[in-house]
Amino acid sequence: MKNPLLNKTDLPEFENIQSSHIEPAIEFILQENRKKIKDLITEIKEPTWENFVEPIDELDEQLTRAWSPVSHMNSVVNSDDTRSAYNACLQKISKYITEFSQNEDLYKLYKKLFHSGKNLNTHQTRVLKLILDDFYLSGIDLPDDKKKLFKKNRQLLSELSSKFSENVLDCSNEWSKKITDLKDLEGLPQSIVDLAKQNAQEKNEDGWIITLDQPLYIPIMQYSDNRKLREELYIAYNTRASNDGPHDRKFDNSQIMEQILKLRHEQAQLLGFNNFAELSLAKKMASSAEEVLDFLLQLTQKSKLQAERELLELRNFAKTLGLESIEAWDFAYFSEKLKKERYKISSEEIRPFFPEDKVVLGMFHIMSKVFQVEFESVDKVQKWHQDVKFFSIKNENGELIAQFYLDLYARAKKQGGAWMDTFVGRRVTTKVNQLPVAYITCNFSPPVGKNNALLNHDEVETLFHEFGHGLHHMLTKINYPSIAGINGVAWDAVELPSQFMENFCWNPEALKIISNHYLENKPIPNEMIKKMERAKNFQSAIAMLRQIEFSLFDFLIHKEFDPKMGGRIYEILDQVREQTAVIFPPEINRFAHSFSHIFSGGYAAGYYSYKWAEVLSADAFSLFEEKGIFDTDTGKLFLENILEMGGSSDAADLFKNFRGRNPIIEPLLRYSGISQ
Ligand code: ZN
């Protein structure tokens, strides 16, 4: 076959893939898969694992092997041609996936096999249970009239969610403020003034133009000495897409939010749940709404006193600068000044200690000690860019267990941010022995000249984070792709390995291994580590309470929804603030109207997951602290109960097996510098 996307090679042929290969390959596979699924349905009378599940897995695999390199290249070496082919295929694939999830014949075969229990081992039973749950949650079991309503609601919800974020975006874009006197921009870093100048030039105007884009909004709130400007900007930003503030009411999301909550509630009830919060928990680690609420309230109680102290410190500080009372638009500004005066440490002081090769090799060194694996650099592999490196991982017996690409530097045509993605997962059957392959992608500042790139500490932390996802994917021992590695892991637990890894970047023993001053040849000194830690924990209790406020609010508007009373969105928000807040925003604040995470993203009744996973990861790391971070027994325990197990058991059980008890919040509080 001429099309490299259809070749069955172990690794993608990145150097041979052209954008013209994309659509023909994907269309061919989708067509073949549809035909094979149809044949399977007609042929199979008695489904078994071998005659039904494995062939379907095989079809998924074909599609993944072609699609994964395409979507990866679209993100890291984007071109107009790749993008248009990618977008065209994306629609076709999503149609195919929807067809699959609504195929009643497939559903019946899975159900039949599950209930027959024929020769199924526990992992196979788990795979089938998760598949059946997904079918159920897509409404397949409903009687016809309800199914119709369910589909209609789903469609409506998807339109309303898009409209919600469109309103936020359009409303933000419409607002701008022209500045004609440079004096009004005093206090701002030059780069921000330049950005405002550039905005004006793009519109062929004199002076400076300020917008609500984050790269302008945040620095202005932090640095602008102009209090009136901060106030005006704060109000414009925090009333976006609402019924208040300076914006056009055509962007008002009030009705959309009400409708979204109502429809979500209806969907949940159609599926037999009391409310949407319960539906959201159906596939999560948290077992009940009470558990989530109790968790958030515990964190609140432990953080509140310190948050009040932090606020008092800030108020006193502002007084010394002549400000009697702090308003919402003063908070970031004085915090930044206080931080600079008492806690800040410049990232340029830290950077020379983290040359890239020292960090990467140090990280491998730590991982090989903790998890008894070996990393090896491999040449002669096809790559999408010359900067990309490729490695293999072997176990203690020298057997290959996984491979990964490492693409560290920012460059043109590469999507920003950092992430771990997968080419293939582990899949072992009597006929196949496929090992995991991952892509780990970052956007660090590239090396200057021949020197090694120097990373700042945030970048080091990001690398460890993404590598944690990578280890979860690669060190798995589960043979069934849908529950191997990160697959099948509850959403509120999937960040456990990644955030766990971040803790190494704050541990003095580990820091000695990953740091070395590129000129002075010495690891990062202890005083500097202490300083970094103090800067990290500056106002950490206030930050904790803010996240809890968002989480509780999100959870309660979904849990307490009552069709007779409507959403009561700001009423509930006020109640939440009574419980959690130390800082109360002004009456005009309409933050919920632009809370896209929950109204148009995937976080509805799930925002708590951020804190939940932090608690798990801190608690997990605390055992390493207790026993020594290189303790092989503890490493083995984490490997065997978490990393190797993927989604093969409930996350709560896996955690308990590792830690010997349920998770507790104290380690996170300790790492955040919240004293109790
Ligand atoms: Zn992550």
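Shown above is the structure to which this text applies.
Residues numbered from 1 in each chain as written. Predicted model: local features only at pLDDT ≥ 70, side-chain atom pairs only at ≥ 80, totals over all residues. Heavy atoms only, no water.

**Student:** What am I meant to see in unusual backbone geometry here?
**Tutor:** If a residue is not glycine, its phi is most likely negative; likewise, a peptide bond is most likely trans. For lysine 413, which is not glycine, the phi dihedral falls at a positive 70°. A relative accessible area of 55% places lysine 413 in the exposed class. One non-glycine residue with positive phi stands out, namely alanine 605, at about 50°. Relative to the elements of secondary structure, alanine 605 occurs in the loop between α22 (596-599) and α23 (609-627). What makes alanine 605 buried here is its relative accessible area of 0%. (Buried < 20%, exposed > 50% of the residue type's maximum accessible area, 1.4 Å probe, protein only. Helix = DSSP H or I, 4+ residues; strand = E, 2+ residues; numbered from the N terminus.)

**Student:** When you look at the packing of helix α12 (residues 289-320) against α23 in this model, what are you seeing that I'm missing?
**Tutor:** Running from N to C, α12 and α23 cross one another at 70°; their axes reach a closest spacing of 11 Å. Taken together, the axis directions place α12 and α23 in an arrangement best described as roughly perpendicular. For the pair formed by α12 and α23, the contact residues are Glu291, Phe295 and Leu299 on the first element and Lys611, Trp612 and Val615 on the second. In the contact of α12 with α23, the residues fall into four nonpolar, no polar and two charged. (Axes fitted to C-alpha atoms, helices over the stretch in contact; angles between N-to-C directions. Parallel < 35°, antiparallel > 145°, perpendicular 65-115°, else oblique. Contact = heavy atoms within 4.5 Å. Nonpolar A, V, L, I, M, F, W, Y, C, P; charged D, E, K, R; others polar.)

**Student:** Help me out: how do you make sense of the coordination of the zinc ion in this one?
**Tutor:** For a metal bound by four donors in tetrahedral geometry, the ideal donor-metal-donor angle is 109.5 degrees, whereas six donors in octahedral geometry ideally sit at 90 or 180 degrees. Coordination of the zinc ion by the protein comes from His465 (NE2), His469 (NE2), Glu495 (OE) and Glu495 (OE), over a distance range of 2.1 to 2.7 Å. Classification of the site at the zinc ion rests on its four donor atoms, whose angles at the metal span 52 to 140°, yielding the label irregular. Written as a sequence motif, the donor residues of the zinc ion are H-x3-H-x25-E. With histidine 465 in helix α16 (residues 457-474) and glutamate 495 in the loop between α16 and α17 (496-502), the pair connects residues that are 30 residues apart, well separated along the chain. Judged by its relative accessible area of 13%, histidine 465 is buried. (Donors = N, O, S within 2.8 Å, 3.2 Å for Na, K, Ca; no water. Tetrahedral: all angles 85-135°; square planar, octahedral: opposite > 155°, others 65-115°.)

**Student:** In this structure, what is going on with the sheet that holds strand β5 (residues 400-409)? I would like to understand it.
**Tutor:** In a beta sheet, neighbouring strands are held together by backbone hydrogen bonds and run either parallel or antiparallel to one another. Judged by pairing direction, the sheet is mixed, and its five strands sit side by side in the order β3-β4-β5-β9-β6 without closing on themselves. Strands with a single pairing partner mark the edges of an open sheet, and in this sheet they are β3 (374-377) and β6 (419-424). Strand-to-strand, the axes of this sheet are offset by a mean angle of 25°, without reference to chain direction. Relative to β5, strand β4 (residues 389-394) runs antiparallel, the two being bridged by six bridges. Along β5, the bridge assignment pairs phenylalanine 391 with phenylalanine 404. Helix α15 (residues 356-371) contacts β3, β4 and β5 of the sheet and is inclined by roughly 155° relative to β5. (Pairing = 2+ DSSP bridges.)

**Student:** Help me out: how do you make sense of the pattern of salt bridges in this one?
**Tutor:** Proximity of charged atoms lets side chains of opposite charge pair with each other. Tallying each qualifying case throughout the model produces 39 salt bridges. For lysine 95, the salt bridge identified is with glutamate 99, shortest N-O distance 4.0 Å. Of this pair, lysine 95 and glutamate 99 both sit in helix α3 (residues 80-101), four residues apart, roughly one helical turn. Its relative accessible area of 35% is what places glutamate 99 among the partly exposed residues. Between lysine 283 and aspartate 134 there is a salt bridge, and its shortest N-O distance comes to 2.6 Å. With lysine 283 in the loop between α11 (276-281) and α12 and aspartate 134 in helix α5 (residues 122-137), this residue pair connects regions lying 149 residues apart in the sequence. Given the relative accessible area of 40%, lysine 283 is considered partly exposed. On the basis of relative accessible area, aspartate 134 is assigned to the partly exposed category, the value being 39%. Where salt bridges share partners, they join Asp619, Glu626, Arg659 and Arg661 into one cluster. (Salt bridge = Lys/Arg side-chain N within 4 Å of Asp/Glu carboxyl O.)

**Student:** Could you clarify how one ought to interpret the packing of aromatic side chains in this entry?
**Tutor:** For the structure shown, the criterion picks out 51 aromatic pairs. Relative to phenylalanine 621, the ring of phenylalanine 500 lies with its centre 5.7 Å away and its plane at 65°, an arrangement referred to as edge-to-face. You can see phenylalanine 500 sitting in helix α17 and its partner phenylalanine 621 sitting in helix α23, a full 121 residues away along the chain. Taking the relative accessible area as the measure of exposure, phenylalanine 500 reaches 0% and is therefore buried. Taking the centre distance of 6.3 Å and the plane angle of 80° together, the rings of phenylalanine 655 and phenylalanine 658 count as edge-to-face. Taken together, the residues phenylalanine 655 and phenylalanine 658, both in helix α25 (residues 651-659) and three residues apart, mark about one turn of the helix. By way of ring pairs, the aromatic residues Phe371, Phe500, Phe504, Phe621, Phe624, Phe638, Phe655, Phe658 and Tyr671 are connected into one cluster. (Phe/Tyr/Trp six-rings, centres within 6.5 Å; stacked < 30°, edge-to-face > 60°.)

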